[in-house]
2 protein chains.
Amino acid sequence: MRVAVDIVIFTIQSGSLRVLLVRRKIAPFEGKFALPGGFVHEDEGLEDAALRELEEETGVGDVYLEQLYSFGTPSRDPRGRVISVSYFALISPDRTLQAGSDAAEAQWQEMQKLPPLAFDHGAILEYALERLRNKLEYTTVGFQLLPEKFTLPDLQGVYEAILDKKLDKRNFRRKIAQLKILKPLKEFQQTGRRPAQLFRFVAGKFEKLKDKGILFPF
Amino acid sequence: MRVAVDIVIFTIQSGSLRVLLVRRKIAPFEGKFALPGGFVHEDEGLEDAALRELEEETGVGDVYLEQLYSFGTPSRDPRGRVISVSYFALISPDRTLQAGSDAAEAQWQEMQKLPPLAFDHGAILEYALERLRNKLEYTTVGFQLLPEKFTLPDLQGVYEAILDKKLDKRNFRRKIAQLKILKPLKEFQQTGRRPAQLFRFVAGKFEKLKDKGILFPF
C-alpha cells in the first residue's frame with residue numbers, strides 16, 4: 001500500500017475562484033490536469049510531504065496547509081492501492097504569481113471552467129470547495145483571500161466567488177457592518193468611477209463574535 | 001508503508017464522558033489500552049476497515065463514523081512506517097452495553113481517568129475531544145448522546161460532561177429555550193425527588209437556526 005498527498009490551493013483572481021493545477025507529464029493520465037501532489041517518502045511526515053510536493057511542482061512555498069480528508073477507495077489509482085491524504089490552503093491574489101514560476105505547467109484554473117481531472121481529483125476538489133463554503137459561515141476564512149487593504153466590493157467579490165452567487169449589496173454591507181470587524185482607512189482606491197474606500201480586517205474581534213454566537217450568515 | 005484505522009467512540013455514562021478502549025494482547029504495547037483499530041486490507045475501503053475492526057474488537061456495529069484526521073509522524077509505530085486514518089462516532093447510553101459483549105477486553109473508560117495509551121493514541125483522542133467540543137458549538141451533536149426522551153438535567157449533563165465544567169442551570173435553560181428545538185412531552189421521569197419532565201429533540205429546526213446565525217454558545 002502506498003500513501004500520497006494531494007494539495008488543493010485556492011485563490012481569487014479577476015473575481016473568480018481558482019485552483020492551482022498541474023499537467024501530468026507521465027502515465028497514468030498523461031497530459032491531464034491534476035492536483036499538485038505525490039508519494040510520501042518513507043521518513044517524511046505527511047504535511048512535510050505536502051509542502052515539498054507543492055514547492056517542487058508549483059513553486060508555491062510558505063503556506064499554512066490544513067489537512068482535509070483521506071481518500072482510499074481501492075480502485076482510485078490504476079497503479080495499485082494508493083491512499084491520498086489531502087490538504088488545502090488559500091492564498092491571497094498578491095501571491096499567486098509565485099505559482100508557476102518554476103513549473104511552467106502549473107496553472108490557476110477557474111473553478112467554473114475545470115477540465116476533467118486525473119484520478120479522483122475531481123471528487124477531492126469538490127470536497128475542498130464544500131469545506132471552504134462551510135468555513136465561510138463560521139470563520140473569517142474569506143479575509144485570507146484578500147490583500148491587507150481592500151475595498152467593500154473586493155470583500156463582497158470574495159464571498160460571491162466562493163458561494164458562486166450574487167449577493168445583495170445593501171444586505172451584505174449591513175451584515176458586515178454589524179460584525180464590526182473592519183477598520184476604515186483614510187486611503188482610497190482609484191477605480192474607473194469614484195474612488196473606493198480601503199479597509200483593513202481587525203484581527204482579534206472574531207473570537208468575541210463567536211462567544212456571542214454570531215456566524216457569517218450570507 | 002502500511003495504513004491502519006483507529007476509532008474513537010464516545011458515550012456518556014453516569015454523567016461522565018467515556019471512550020471505548022481495548023487492551024492489547026500482543027506486542028508492541030502488550031497489555032496497554034489502545035483505541036480499537038488495525039490494518040486496512042488491500043482491497044478494502046478505509047471506512048469499511050474501520051467498521052470491521054470496531055465490530056471485531058468491541059462488538060459495536062451499525063454506527064455512523066466520521067473521518068477525523070490522518071496521523072503520520074514517521075516514528076509513531078515501533079514496527080515501521082504506519083499511517084493511521086482515524087474515525088470517530090458518538091453512541092447513546094442505551095447502546096453502550098453492546099460494546100464488550102463479544103470482546104471481554106473492550107471497556108468504557110472515563111476521559112478524566114485515562115490510563116496511558118499505546119502508540120500516539122493519547123494524541124488522537126485529544127484531537128477527537130477537541131473536534132467534539134467544537135461541534136457542540138455549531139451542531140446538535142450533543143443530542144446524539146441522549147436517548148430519544150430525556151430530561152433537562154440529562155441534557156445539561158451532556159454539555160457539562162463534554163465541556164468538563166459546571167454550567168449555570170438558569171442560564172443553560174434560558175439559552176436552550178431560545179433555540180426552540182425541544183418538544184415537551186406529557187411524560188415524566190420518576191427521580192428521587194419530584195418527577196422531571198421528558199423532552200424530545202425536534203429535528204429539522206436546526207437548519208433554520210443556522211440560517212439565522214445562531215450557535216450553541218455555552
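Residues numbered from 1 in each chain as written. Chains lettered and ligands numbered in written order. Predicted model: local features only at pLDDT ≥ 70, side-chain atom pairs only at ≥ 80, totals over all residues.

Chemist: Run through the domain arrangement of chain A, naming residues and quoting values.
Modeler: All names here are of chain A. Considered domain by domain, chain A is made up of domain 1 (2-137) and domain 2 (140-212). The gap between the C-alpha centroids of domain 1 and domain 2 is 28 Å. Mapped onto the side of domain 1 that touches domain 2, the elements with two or more residues apiece are strand S1 (2-13), strand S2 (16-23) and helix H2 (121-138). Per-element tally for the side of domain 1 that touches domain 2: the top contributor is H2, with 4 residues. Its residues assigned to classes, the side of domain 1 that touches domain 2 shows 6 nonpolar, 4 polar and 3 charged. (Domains from an automatic or database assignment. Helix = DSSP H or I, 4+ residues; strand = E, 2+ residues; numbered from the N terminus. Nonpolar A, V, L, I, M, F, W, Y, C, P; charged D, E, K, R; others polar.)

Chemist: Just give me the short version of the sheet that holds strand S9 (residues 182-189) of chain A, but keep the residues and values in it.
Modeler: Residues and elements named next belong to chain A. In space, the 3 strands of this open sheet follow the order S8-S10-S9, with antiparallel pairing throughout. Edge strands, defined here as strands with exactly one partner in the open sheet, are strand S8 (149-150) and S9. Note: S9 against strand S10 (residues 196-201), 5 bridges, orientation antiparallel. The residue bridging lysine 183 from the neighbouring strand is arginine 200, located in S10. (Pairing = 2+ DSSP bridges.)

Chemist: How would you sum up the sheet that holds strand S8 (residues 149-150) of chain B? Please name residues and give values.
Modeler: All names here are of chain B. Taken in spatial order, the 3 strands make up an open sheet running S8-S10-S9, and their pairing is antiparallel. For this open sheet the edge positions go to S8 and strand S9 (182-189), each flanked by a neighbour on one side alone. Pairing geometry for S8 and strand S10 (residues 196-201), over 2 bridges, is antiparallel. Residue pairing in the sheet places lysine 149 in a bridge with arginine 200 of S10.

Chemist: So, H2(A): which residues are in play, and what are the values?
Modeler: Residue and element names in this part refer to chain A. The terminal C-alpha atoms of H2, which comprises 18 residues, lie 26 Å apart, in line with the 26 Å expected from a rise of 1.5 Å per residue. If you check which residues of H2 are buried, you get His121, Ile124, Leu125, Ala128, Leu132 and Tyr138. Here the buried residues of H2 occupy an arc of 145 degrees about the axis, which is enough to place them on one side. In H2, the exposed positions that point more than 90 degrees away from the buried face belong to Glu126, Glu130 and Asn134. (Expected span 1.5 Å × (residues − 1). Buried ≥ 20, exposed ≤ 12 C-beta atoms within 10 Å, placed from the backbone. Arc of directions from axis to C-beta.)

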